[in-house]
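Listed here are the chains, written in short residue letters.
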Amino acid sequence: MDKNEILTDLKKAVLEGDDDLSQELAIKALDQGLEPMTIVNQSIIPGIQEAGELWKRNEYFHTDIILCAEAFRLAMEIIEPKLTAGELGVSGKVIIGTVAGDMHNLGKIMVNATLRGGGFEVIDLGEDVSQDTFIEKIKEIKPDILGLGCYMTTTMLEMREIIKRLEKEGLRNNLKVMIGGVPCTQEFAEEINADVWGKDAFDAVEKAKMILGVK
Ligand code: B12
């Protein structure tokens, strides 16, 4: 099996929700000497993005998406430790999490991976993260950036509340806030006093570097 075949098959395994195969192919891809970021950008992300498109067109159902998410997660589980082996933390420190009430995590996992690839140290607090947990971890870890993921219109306002809490606790001045997820826009970021909106996982890295003035 050549490298291109592995990349194509891995994308297909994610798209078809075959978690055993996606993990096996992720291992194979690394064994063949493919760069971790190439595997993420050319197979794993396109696979899950296409699955999202099929869902939008009502060609995939909830159960399909859950299988795809699992295939995505297991492949990322293999690749992620390799991404952190680079020059971690040279660009800055980021705390990231999905806001309270929201369980979506695929977009956040991708952003986590690309930020690591961009030299950031990333502390992922997970999903359905309470305001208290964000505040506690920011005090403890003192990140340069807080990344908030929100994927539903019903959980959007939680981001505004988190930013208000940061201001109230005197934590906002030395911290940049970057938001992302399907319902977010730059206008919404400005409205809730976030610093920036990241359109996708690659834009997130560019914007994170931009707000910190890192090349
Ligand atoms: C996959 C999915 C699920 C999966 C989640 C699996 C998982 N582990 O995440 C499952 C099936 C579990 C699920 C459940 C639900 N879902 Co859902 N889900 C989706 C779906 C199809 C795709 C989301 C996704 O993963 N996309 C792929 C990723 C890669 O894209 P992304 O999230 O946009 O992320 C990119 C950017 O936004 C950005 N980004 C993402 N995060 C961040 C963070 C930062 C800091 C930055 C800078 C950038 C950034 O970079 C990413 C990569 O490029 C969307 C539809 C859609 N169009 O988005 C609905 C959707 C989000 N879900 C929806 C709903 C309603 C639900 C449920 C309530 C359904 C239900 N009745 O049970 C539950 C919610 C449970 C909860 N409390 O959270 C609605 C939300 C509607 C709304 N109110 O806004 C959507 C929009 C579908 C729809 N059109 O109705 N869902």
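Residues numbered from 1 in each chain as written. Predicted model: local features only at pLDDT ≥ 70, side-chain atom pairs only at ≥ 80, totals over all residues. Heavy atoms only, no water.

## A word on the layout of surface pockets
Over the atoms, a rolling probe the size of a water molecule traces out where space has been left empty.
Moving on, step 1. Its boundaries defined by the atoms lining it, the largest pocket holds a volume of some 1400 Å³.
Moving on, step 2. Taken together, 40 residues form the lining of the largest pocket, with His 104, Leu 106, Gly 107, Tyr 151 and Val 182 sitting closest to its centre.
Moving on, step 3. Those elements that place two or more of their residues in the lining of the largest pocket are α3 (36–56), α4 (62–83), β1 (92–98), α5 (106–117), β3 (145–149), β4 (176–180) and α9 (201–212).
Moving on, step 4. Of all the elements, α3 adds the most residues to the lining of the largest pocket, at 8 residues.
Moving on, step 5. Class assignment of the residues belonging to the lining of the largest pocket gives a composition of 21 nonpolar, 12 polar and 7 charged.
Moving on, step 6. The two domains that each donate at least three residues to the lining of the largest pocket are domain 1 (3–83) and domain 2 (92–212). (1 Å grid on protein atoms, 1.4 Å probe; cavity = no way out; pocket = protein on both sides within 12 Å on 5 of 7 lines; lining within 4 Å. Points joined across faces, edges and corners; volume = space filled by probe spheres on them. Helix = DSSP H or I, 4+ residues; strand = E, 2+ residues; numbered from the N terminus. Nonpolar A, V, L, I, M, F, W, Y, C, P; charged D, E, K, R; others polar. Domains from an automatic or database assignment.)

## Focus: the domain arrangement of the chain
Moving on, step 1. Along its sequence, the chain is carved into domain 1 (3–83) and domain 2 (92–212).
Moving on, step 2. For domain 1 and domain 2, the distance between their C-alpha centroids amounts to 24 Å.
Moving on, step 3. Taken together, the contacts link 9 residues of domain 1 with 9 residues of domain 2.
Moving on, step 4. When domain 1 packs against domain 2, the two sides together hide about 950 Å² of surface, and 83% of this comes from carbon and sulfur. (Contact = heavy atoms within 4.5 Å. Buried area = accessible area lost by both parts, 1.4 Å probe.)

## Things to note about the packing of α5 against α9
Moving on, step 1. At a minimum axis separation of 8 Å, α5 and α9 run at an interaxial angle of 50°. On the basis of their axis angle, the class for α5 and α9 is oblique. When you trace α5 past α9, the crossing you get is right-handed. Contact residues: α5 offers Met 110, Val 111, Thr 114 and Leu 115, while α9 offers Ala 201, Phe 202, Ala 204, Val 205 and Ala 208.
Moving on, step 2. For the contact of α5 with α9, the class distribution of residues is 8 nonpolar, 1 polar and no charged. (Axes fitted to C-alpha atoms, helices over the stretch in contact; angles between N-to-C directions. Parallel < 35°, antiparallel > 145°, perpendicular 65-115°, else oblique. Left-handed = near helix turned anticlockwise from the far one by under 90°.)

## Here's the deal with the sheet that holds strand β5 (residues 196–197)
Moving on, step 1. Reading across the sheet, the 5 strands line up as β2-β1-β3-β4-β5 and stay open at both edges, with parallel pairing between neighbours. Each end of this open sheet is capped by a strand with a single partner; those strands are β2 (120–124) and β5.
Moving on, step 2. In terms of strand pairing, β1 meets β2 through 5 bridges, oriented parallel. What sits directly across from Gly 92, in β2, is Phe 120. (Pairing = 2+ DSSP bridges.)

## As for the pairing of β4
Moving on, step 1. Along β4, 4 of the 5 residues are buried, which leaves the element largely enclosed by surrounding structure.
Moving on, step 2. Following the chain from β3 across helix α7 (residues 157–168) to the adjacent parallel β4, one finds a crossover that is right-handed.
Moving on, step 3. Where β4 and β5 come together, 2 bridges link them in parallel fashion. Bridge pairing in β5 links Met 178 to Val 196. (Buried < 20%, exposed > 50% of the residue type's maximum accessible area, 1.4 Å probe, protein only. Right-handed = clockwise from strand over helix to strand, strands pointing away.)

## Quick look at the packing of α3 against α5
Moving on, step 1. Running from amino to carboxyl end, α3 crosses α5 at an angle of 165°, the nearest separation of the two axes being 11 Å. In terms of axis orientation, α3 runs roughly antiparallel to α5. Considering only the axes of α3 and α5, their crossing is left-handed. Listed contacts from α5 to Met 37, Asn 41, Ile 45 and Ile 48 of α3 are Leu 106, Met 110, Ala 113, Thr 114 and Gly 117.

## Overview of the site of the ligand
Moving on, step 1. Surveying the vicinity of the ligand reveals 31 residues, the closest of which are Met 103, His 104, Asn 105, Tyr 151 and Thr 153.
Moving on, step 2. Measuring from a nitrogen atom of the ligand, one finds a backbone N or O atom of Gly 101 at 3.1 Å.
Moving on, step 3. Structurally, the ligand is housed in the largest pocket.
Moving on, step 4. Those elements that place two or more of their residues in the shell around the ligand are α3, α4, α5, β3, β4 and α9.
Moving on, step 5. The element contributing the most residues to the shell around the ligand is α5, with 5 residues.
Moving on, step 6. Here the shell around the ligand is composed, by residue class, of 15 nonpolar, 11 polar and 5 charged. (Near = heavy atom within 4 Å. Polar contact = N/O pair within 3.5 Å; in protein donor to acceptor, adjacent residues only side chain to side chain. Sits in = over half its atoms within 2 Å of the grid points.)

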